[in-house]
Amino acid sequence: MRRFFTDKYIKTTPILNIQRLCDLCVNWRYSIFMLISGRKRKTMIISILIIVGLTLLVFVFLQQPMFGKLPLGDRLERIKRSPNYKNGSFQNVSPTPGLTEGANFFSALREIMFGASKRRKPAGIIPSQKTGLLSLPPGKDMLVWFGHSSYFIQLDGKKILVDPVFSGAASPIKSTTRSFAGSDIYSVDDMPEMDYLFISHDHWDHLDYETIIKLKPKIRKVICAIGVGAHLEFWGYDKNIIIEKDWNEEVILDKGFIVNTTTARHFSGRGLRRNKSIWLSFALRTPTMNIFIGGDSGYDVHFEAIGNKYGPFDLAILECGQYDKSWKYIHMMPEEVVKAALELKAKRLMPVHWAKFALANHAWDDSVVRVTASAKQQNVTLVTPMIGEEVNLKNETKAYHAWWAGVK
């Protein structure tokens, strides 16, 4: 190059050298362009391969049995006839966006990453008591809570299990939703044979694959939301013991035991497709009591309608926790829980859906603290046992201490 720009070289062959200089510049530009283009093509190919690889991994991951099955055949045809099924999915009574107005996926993600409470999980161990369920006197009417939305009821000679989760996690990737220390004192081995298993909907924190598989020999009858039976049959449950219902249906379980399937405001889905099965609450009437089993629900007009039609209730078991202003339509804010109990005409309120998993941004005990304060203001009687503590269903005057106050 140096000789190319010397006076001697340019003077001796001026025309030739100008032409060569132009050719050289063009060749450099072409070479640089080809180099950049080659790198771009390589980057593009690598990106495509990564996307294809990740897609394949997700596809393979979703084929695991724990994801269950979507409704097909006669079950799907029955679903299509439901007045609550429109445009290929179940719908809430009121318009229910997954995220509140003004919120979006990125704002919700940012809040989880940077705005979540430092006390989402307790620093200490959740206190508990262990009540033996295998040797209960058959005439004892009682309830035992296992944390979150799982609980056992023995009432009027029948044993009932609701939304059991004993695997220690509430998602297909266990490390993301581990249960709190001290909250896993019960397992399937501690469960007696159950007359009725109630499943409100198919979310992971209510329908746990490992638990359901292990429980199979102990279950006599399942009452679940329509569409959920597809999962259960795929997992080996006898279709003859599965009772699948839509909203506003009645089932006579046994003499004196009647359940009405009632509305909730929520959603469903275990994989990438939502709302292919419905989400329920239950009004359970036994020979001596009337109990509301709430499942998951945001606040709406349905609570008052249920209270007017099926109330008053001796006990309302309602979700309390995993709420956020960004998704207030699908989970109640704490003060709304008390309002719902009043509209249900409940004598007592038992708040669940807390004390086991951190699925929202608030402090782990914030929900029960706020519900307790609101219930006191509105003269609502609370039932707030420790995990495993025996609750006498016929004792309407027992006061429960704030056991969570001793846990950081």
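Computed from a predicted structure; not experimentally measured.

### Quick word on the packing of helix α8 (residues 334–343) against helix α9 (residues 366–377)
- Between α8 and α9, the shortest axis-to-axis distance is 8 Å and the interhelical angle comes to 45 degrees. Taken together, the axes of α8 and α9 are oblique relative to one another. Considering how the two elements wind past one another, α8 and α9 form a crossing that is right-handed. Where α8 approaches α9, its residues P334, E335, V337 and V338 are matched on the opposing element by S367, R370, V371, S374 and A375.
- Looking at side-chain class alone, the contact of α8 with α9 contains five nonpolar, two polar and two charged residues.

### Observations concerning the packing of aromatic side chains
- Tallied over the entire structure, the rule returns 18 aromatic pairs.
- Ring geometry for F67 versus W204: centroids 5.2 Å apart, planes at 80 degrees, classification edge-to-face. Placement of the pair is F67 in the loop between α2 (14–62) and α3 (73–80) and W204 in the loop between β6 (196–199) and α5 (209–215), with a sequence separation of 137 residues. The same class applies to F67 as to W204, namely buried.
- Measuring from ring centre to ring centre gives 5.7 Å for W403 and W404, while their planes differ by 80 degrees; the resulting arrangement is edge-to-face.
- Chaining the aromatic ring pairs together yields one cluster made of W145, F180, W354, W364, W403 and W404.
- A cation sits over an aromatic face here: K130 above Y186, 5.3 Å from the ring centre.

### Some thoughts on the sheet that holds strand β13 (residues 315–319)
- Ordered in space as β9-β10-β11-β12-β13-β14-β15, the seven strands form an open sheet in which the pairing is mixed. The open sheet has two edge strands, β9 (249–254) and β15 (381–382), and neither has a second partner.
- Alignment of strand β14 (residues 348–352) against β15, held across two bridges, turns out to be parallel. Residue R348 lies in a different strand from β15, and its bridge partner there is T381.
- Helix-sheet contacts for α8 involve β13 and β14, and the interaxial angle to β13 is about 150 degrees.

### A word on the confidence of the model for the protein
- Chain-level pLDDT for the protein is 90 on average; 89% of the residues reach the 70-or-more range.
- The low-confidence segment residues 1–16, where pLDDT is below 50, has 14 contacts with residues more than four positions distant or belonging to other chains.

### So, the environment of H148
- Within the secondary structure, H148 is located in the loop between β3 (142–145) and β4 (151–155).
- Given the relative accessible area of 1%, H148 is considered buried.
- Put simply, H148 and E319 are 171 residues apart on the chain and 8.5 Å apart in space, counted from C-alpha to C-alpha.
- A polar contact of 2.8 Å, which involves the side chain of H148, links it to the side chain of D205.

Cut-off values and rules
- Residues numbered from 1 in each chain as written.
- Predicted model: local features only at pLDDT ≥ 70, side-chain atom pairs only at ≥ 80, totals over all residues.
- Heavy atoms only, no water.
- Axes fitted to C-alpha atoms, helices over the stretch in contact; angles between N-to-C directions.
- Helix = DSSP H or I, 4+ residues; strand = E, 2+ residues; numbered from the N terminus.
- Parallel < 35°, antiparallel > 145°, perpendicular 65-115°, else oblique.
- Left-handed = near helix turned anticlockwise from the far one by under 90°.
- Contact = heavy atoms within 4.5 Å.
- Nonpolar A, V, L, I, M, F, W, Y, C, P; charged D, E, K, R; others polar.
- Phe/Tyr/Trp six-rings, centres within 6.5 Å; stacked < 30°, edge-to-face > 60°.
- Buried < 20%, exposed > 50% of the residue type's maximum accessible area, 1.4 Å probe, protein only.
- Lys NZ or Arg CZ within 6 Å of the ring centre and 35° of its normal.
- Pairing = 2+ DSSP bridges.
- pLDDT = per-residue confidence, 0-100.
- Polar contact = N/O pair within 3.5 Å; in protein donor to acceptor, adjacent residues only side chain to side chain.

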